[in-house]
Structure formats: structure tokens, C-alpha cells
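Overview (structure and organization)
Residue strings, one per chain:
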Amino acid sequence: MTLMKSWVASANTAGHPFPLNNLPYGVFSTETLDPRCGVAIGDMIFDCRAAEEAGLITLTEAALFDVPFWNEVMEEGPELWAALRARLVEILAEDAPQRAEAQPMLVPQADAQMHLPCLVSEFTDFYAGRHHATNVGTMFRGAENALPPNWLHIPIGYNGRASSVVVSGTDVRRPWGQLKSPDHDRPAFLPCRRFDLELEMGAIVGQPSDGPVTVDEADAMIFGYVLLNDWSARDIQAWEYQPLGPFQAKATATSISPWIVTTAALEPFRVDCPEREVELLDHLKDTGPMLYDIDLAVTLAPEGGLPSEIARTNYREMYYSSAQQLAQHTTSGCPMNPGDLLGSGTISGAHTRQRGSLLELSWGGKEPITLESGETRAFIEDGDTITLHGRCHGDGYAIGFGTCEGKVLPALDDPYAR
Ligand code: MN
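Reference entry: report on the structure contained in this document. Note that the coordinates shown come from a computational prediction; the quantities given were computed from them, not determined experimentally. (Residues numbered from 1 in each chain as written. Predicted model: local features only at pLDDT ≥ 70, side-chain atom pairs only at ≥ 80, totals over all residues. Heavy atoms only, no water.)

**Concerning the overall build of the protein chain**
The line we're drawing: In DSSP terms, a helix is any run of H or I states spanning at least four residues, a strand is any run of E spanning at least two, and both are numbered starting from the N terminus. Between buried and exposed lies partly exposed: a residue is buried under 20% and exposed over 50% of the maximum accessible area for its type, with that area taken using a 1.4 Å probe on protein chains only. Note on contacts: a residue pair qualifies if any of its non-hydrogen atoms lie within 4.5 Å across the two residues. Think of it this way: Lys and Arg go in the positive column, Asp and Glu in the negative one, and His and the chain ends go nowhere. Here the site of a charge means NZ on Lys, CZ on Arg, CG on Asp, or CD on Glu.
The number of helices and strands found in the protein chain is ten helices and 26 strands. Along the first, second and third principal axes, the C-alpha set of the protein chain runs to 70 × 50 × 45 Å. The 418 residues of the protein chain split such that 53% are buried. Sequence separation of at least 24 residues holds for 70% of the intrachain contacts in the protein chain that already meet a minimum separation of 6. Distance between charge centres in the protein chain, computed from 29 positive and 57 negative side chains, equals 7 Å.

**Things to note about the side chain of R87**
Secondary-structure assignment places R87 in helix α3 (residues 78-92). In this structure R87 touches L56, I57 and Q98, once residues within four positions along its chain are discounted.

**Section: unusual backbone geometry**
Excluding glycine, residues mostly have negative phi values, and the peptide bonds linking residues are mostly trans. Cis geometry is found at the peptide bond from Q242 to P243, where omega equals 5°. As for its placement among the helices and strands, P243 is situated in the loop between α7 (234-240) and β16 (254-256). One non-glycine residue, L23, lies in the positive phi region at around 55°. Within the secondary structure, L23 sits in the segment before β1 (25-29). Unusually for a residue other than glycine, W363 sits at a positive phi of about 45°. Look at W363 and you get partly exposed, because its relative accessible area is 21%.

**Considering helix α5 (residues 130-141)**
Let me state the cut-off plainly: By this rule the span expected of a helix is its residue count minus one, scaled by 1.5 Å.
Here α5 contains twelve residues, and its C-alpha end-to-end distance of 15 Å stays within 8% of the 16 Å for a straight helix at 1.5 Å per residue. Turning to α5, its buried residues number three or more, namely H132, A133, N135, V136 and G137. Close packing links the buried residues of α5 with α10 (358-361). Residue G142 follows α5 closely and has a positive phi angle near 95°.

**Thoughts on the coordination of the manganese ion**
Put simply, the test is: Note: metal donors comprise N, O and S atoms at 2.8 Å or less from the metal (3.2 Å for Na, K and Ca); water molecules are not included, so apparent gaps in a site are possible.
Taken together, the protein ligands of the manganese ion are D125 (OD), E198 (OE), E200 (OE) and D230 (OD), with distances of 2.1 to 2.2 Å. Of note, the donors binding the manganese ion are all from one chain and are spaced D-x72-E-x1-E-x29-D. Residue E200 is found in strand β13 (residues 199-205), and its partner D230 is found in strand β14 (residues 222-230); the two are separated by 30 residues along the sequence. By the burial criterion, E200 is buried, and D230 matches it.

**A closer look at the pairing of β13**
Basically, it comes down to this: Criterion used throughout: strands pair if DSSP finds at least two bridges between them.
Of all the seven residues making up β13, seven are buried; the element is thus mostly covered by neighbouring parts of the structure. Taking every second residue as pointing to the same face, both faces of β13 are buried, with L199, M201, A203 and V205 on one and E200, G202 and I204 on the other. Sheet topology places β13 next to strand β22 (residues 340-343); three bridges connect them, and they run antiparallel. Note that in β22 the partner of A203 across the bridge is L342.

**Examining the pattern of salt bridges**
Where we set the bar: We define a salt bridge as a contact between a side-chain nitrogen of Lys or Arg and a carboxyl oxygen of Asp or Glu at a distance within 4 Å.
This model, assessed by the stated rule, comprises 23 salt bridges. Among the salt bridges present, the one from R270 reaches E267, with a minimum N-O distance of 3.0 Å.

**Comments concerning the environment of P19**
If you trace the backbone, P19 turns up in the segment before β1. Between the C-alpha atom of P19 and that of D235, which follows or precedes it by 216 residues, the distance is 42 Å. Excluding residues that lie within four positions of it along the chain, P19 makes contacts with L3, A11, I41, Y397 and A398.

**Some remarks on the environment of A327**
Structurally, the position occupied by A327 is in helix α9 (residues 322-329). Looking at A327, the relative accessible area reads 1%, which means it is buried. Measuring from C-alpha to C-alpha, the distance between A327 and H283 comes to 7.7 Å, with 44 residues separating the pair along the chain. Apart from the residues lying within four places of it in its own chain, the contact partners of A327 are V213, T214, V215, A218 and H283.

**Some remarks on the layout of surface pockets**
Keep this limit in mind: Buriedness for pockets is judged along seven lines, at least five of which must meet protein on both sides within 12 Å for an open set on the 1 Å grid over protein atoms alone, while cavities are sets there where a 1.4 Å probe fits but cannot get out, and lining residues have an atom within 4 Å of a point. Grid points are joined across faces, edges and corners, and a volume is the space filled by probe spheres set on the points. We call Asp, Glu, Lys and Arg charged. Ala, Val, Leu, Ile, Met, Phe, Trp, Tyr, Cys and Pro are nonpolar, and the rest, Gly among them, are polar.
In this structure, the largest pocket encloses a volume near 1,200 Å³. F140, Q237, A238, Y241 and P246 are the residues nearest the centre of the largest pocket, which is lined by 44 residues in total. Sorting the residues of the lining of the largest pocket by element identifies β6 (122-126), α5, β7 (157-159), β11 (188-191), α7 and α9 as the ones contributing at least two each. Per-element accounting of the lining of the largest pocket gives the leading share, five residues, to α7. Broken down by class, the residue content of the lining of the largest pocket amounts to 18 nonpolar, 15 polar and eleven charged.

**Considering the environment of R234**
Selection rule: Polar contacts here mean pairs of N or O atoms no more than 3.5 Å apart (in protein, one a potential hydrogen donor and the other a potential acceptor; neighbouring residues in sequence count only if both atoms are side-chain atoms).
Along the chain, R234 turns up in helix α7. Sequence-wise, R234 and P104 are 130 residues apart; in three dimensions their C-alpha atoms are separated by 49 Å. Not counting chain neighbours up to four residues away, the residues in contact with R234 comprise R194, D196, L197, E198, K250, S357, L359 and F379. A distance of 2.8 Å separates a polar atom in the side chain of R234 from a polar atom in the side chain of D196. In this structure the side chain of R234 is engaged in a polar contact, spanning 3.1 Å, whose partner is the side chain of Q237.

**Section: the packing of aromatic side chains**
Here is the rule: Geometry of aromatic contacts follows a simple scheme: Phe, Tyr and Trp rings, the Trp one being its six-membered ring, pair when their centres are within 6.5 Å, and the pair is stacked under 30 degrees between planes, edge-to-face over 60, tilted otherwise. Consider the ring centre and the ring normal. A charge sits over the ring if Lys NZ or Arg CZ is within 6 Å of that centre and within 35 degrees of that normal.
Applying the stated criterion to the full structure yields 14 aromatic pairs. Measuring from centroid to centroid gives 5.4 Å for Y225 and Y292, while their planes differ by 70°, and the two rings are edge-to-face. With Y225 in strand β14 and Y292 in strand β19 (residues 291-292), this residue pair connects regions lying 67 residues apart in the sequence. For the pair Y225 and Y292, a shared accessibility class is recorded, and that class is buried. Three or more aromatic residues link up through ring pairs in this structure, and these residues are Y25, F65, W70, W81 and F223. If you follow R276 out to its NZ or CZ, it ends over the ring of Y319, 4.5 Å from the centre.

Here you go:
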């Protein structure tokens with residue numbers, strides 16, 4: 001696969017995140033257009049609602065784009081997904097006869113505000129990166145007991161809150177919570193002091209299930225991927241997490257990037273999961289390459305300052321693929337729905353600057369990292385903007401994810417003041 005050329009000139013620029021090969025799906029609005037589905041092409045957005053209303057996209061009898069979310073497209077299933085992508089390629093390709101008709105349906109991304117790309121029906125977050133689980137386990141339980149006994153056998157996760165998922169660009173307020181320091185006898189209700197990020201990918205489930213599905217079936221149910229920052233209050237987490245796992249520590253917000261990069265665009269970047277140390281049970285066995293080679297980075301910009309890259313890693317570092325996580329999620333018969341969001345778990349590599357959280361980068365706060373400005377960080381400070389970046393490097397083209405960004409605002413003086 002090489003660069004597919006478009007009549008939208010910016011899409012052909014070397015290294016552009018949104019060439020014709022990508023065509024990620026989002027929801028946008030402008031001063032004059034209410035929220036609607038669109039496709040990123042170069043620096044522009046192609047307005048799918050306008051195209052459907054004009055008869056340029058006619059794949060179903062009922063309208064697909066009369067709603068400002070992608071769930072209706074997802075519900076139609078993989079055949080429709082392929083037909084829609086083929087039609088968009090046809091309309092936007094270099095010599096497209098539809099060029100004159102389609103040209104007025106382009107909106108500059110610079111003029112658009114982005115919204116959540118789908119109605120998030122449910123949110124589950126996993127703990128499926130081996131380096132991350134090993135680092136955190138070593139800090140909390142010692143190197144001998146770093147991985148819990150179940151870890152090499154099942155992707156473990158917790159049921160999160162769809163209501164707290166926000167689109168990139170949304171500010172995040174530092175939470176208050178119940179904290180207990182080992183030095184004090186009693187817990188106290190205070191603003192979080194160890195607010196953190198988690199670099200993750202989010203898989204968006206596009207098809208429903210009713211009963212257990214195989215890894216292959218799960219792979220075919222996934223519609224696409226976004227960047228995901230699972231904001232985490234480490235001090236709240238440390239006190240509340242036993243025995244039922246994270247609760248309020250993870251409920252402040254989870255940010256996702258606005259563009260769903262489809263599995264079709266990612267197909268050339270499939271890679272195998274790592275070697276298995278112990279054989280997985282049959283229902284979770286790898287059946288082919290189900291991870292993707294996606295270069296990931298995290299930047300931190302202090303208030304009014306320039307961003308510093310604090311971590312760089314790759315999605316292929318995961319131990320379990322999203323297909324395996326989704327298959328595991330259905331083993332009990334748990335029904336899945338279009339718009340279900342699965343967080344991969346924090347993605348860390350083997351080396352110190354490949355760690356996808358400040359908890360690991362600063363080793364529990366003991367070894368603060370130094371930014372380019374000379375400032376140091378153990379955890380996030382008020383006014384810091386955290387940005388996740390993702391990109392696949394193809395042969396003469398890139399598949400970009402855009403960014404997943406959030407600025408941390410100071411805690412309220414007293415959340416119970418009335
Ligand atoms: Mn997480």
C-alpha cells in the first residue's frame with residue numbers, strides 16, 4: 001500500500017495524518033452547521049450529511065447521517081462499513097468525477113468544533129500492558145509478586161463509566177476524594193495530590209453480541225480505534241481499590257480523540273501479540289496478528305509553556321489485543337453493543353521513557369522527570385495540558401489519529417460549598 005492521491009491537495013502532503021488511505025470518522029459543527037458526521041481528508045472535513053442529502057451517498061434506504069453520531073453506521077455491519085469506505089474513496093480520489101459536486105461539502109478543520117464521534121454506550125477499561133502491570137506491581141507488591149496470578153491467563157479489567165467519557169479539548173477538573181496517607185491514622189477528604197494520565201488506545205465495538213464470541217468474531221466486531229487518556233487519581237485509587245478495583249479514582253473523566261480510525265485503514269499495520277509465556281486457554285488463543293504498529297507519544301505543556309515529550313511507545317507493546325479483551329468480556333454472556341468503548345490498559349514499553357503514566361515515569365513520585373523548560377514533574381500540576389499522539393508509518397504515507405488533549409484545572413475550593 002502506498003499513498004492514495006486525493007483532489008483535496010493537503011491530503012497528499014508528505015506525512016499528513018489524514019490522507020485518502022485514512023478517512024477517519026468524526027462529528028463536527030461550525031458557526032453555521034449543527035453537529036453532524038464527517039470524514040477527515042487532509043486539512044478538511046467532508047460533510048457526510050450534506051453528501052447524503054444531495055444523493056452522493058445512497059447506500060441504505062433509511063438515512064445514515066440524519067443523526068450526529070456514528071452508531072447507526074456501526075449497527076449496519078461490516079459490509080456497509082466496506083461499501084461506505086469504498087464510496088468515500090471514489091468521491092475523494094484524485095480523478096473523481098464527483099469533484100465539482102463534492103467540493104462545497106468540505107469544511108476546513110480549523111473552522112470546526114469536534115464532538116464525541118459516537119454515543120458511548122458503555123466503557124470498560126483493561127489492565128493488559130505487561131510492562132505497565134509489571135511496573136505498577138513492582139512498586140506496590142515488590143518485583144517477586146509484580147504480576148497477579150491471573151494476569152498471564154486473562155485480560156483483566158473493570159467496568160468504567162460511559163458518562164465520564166469526554167472528547168479531546170475538554171478541560172478536566174482536579175477531583176477531590178478520600179485519601180489516606182500511611183502516616184495518618186484517619187482518612188481525609190482533600191483535593192487529589194497525585195493526578196495522573198494513562199496512555200491507552202480505545203477500541204470501539206461496532207456490532208452487538210448476545211452470548212460468548214470467539215477471538216475472530218470479536219476482531220470483526222471492532223469498528224475502529226481512538227486515542228484514550230484514562231485520567232487517574234493515584235492517591236484516591238491507593239485507598240479505595242481493594243477489594244473491588246478502581247472506583248472514584250477513574251470516574252472524573254476519560255478523554256478520547258475525536259476521529260475514529262477504522263480497522264480498514266489500520267489493516268496494513270497488523271502485528272502479532274508478543275510470545276506467550278504460558279499457553280492461553282483456547283477461547284483466548286491468538287488466531288493471527290491482531291495488534292497494530294501504532295507509534296504513540298505523550299506531551300506535557302505547563303500553563304503558558306511549550307510542550308515536552310515525556311513518553312514514546314507503541315501499541316504493539318500490548319500483551320492482549322482488543323479482540324482478545326472483547327472475547328473475554330463476552331465469556332459470561334455479557335451483551336456488547338455498538339458504541340461500547342474498551343480501553344486497552346496503559347501502554348508502556350520496556351525502557352524508562354516508554355512508560356505511559358507519570359506513576360511509572362516518576363516511579364511513584366520518587367524520581368520526578370525534568371521537562372525541557374527545566375521544571376520537574378512527579379504528577380500533573382494545575383494548568384498542565386496533556387496531549388496524546390498516535391501515528392502509523394506506511395510506505396510513503398501516514399495514518400494519523402489526531403490528538404487527545406486535556407488541560408487540568410485547579411480543584412474547586414470546596415465542592416460542597418452551597
Ligand atoms: Mn486505565
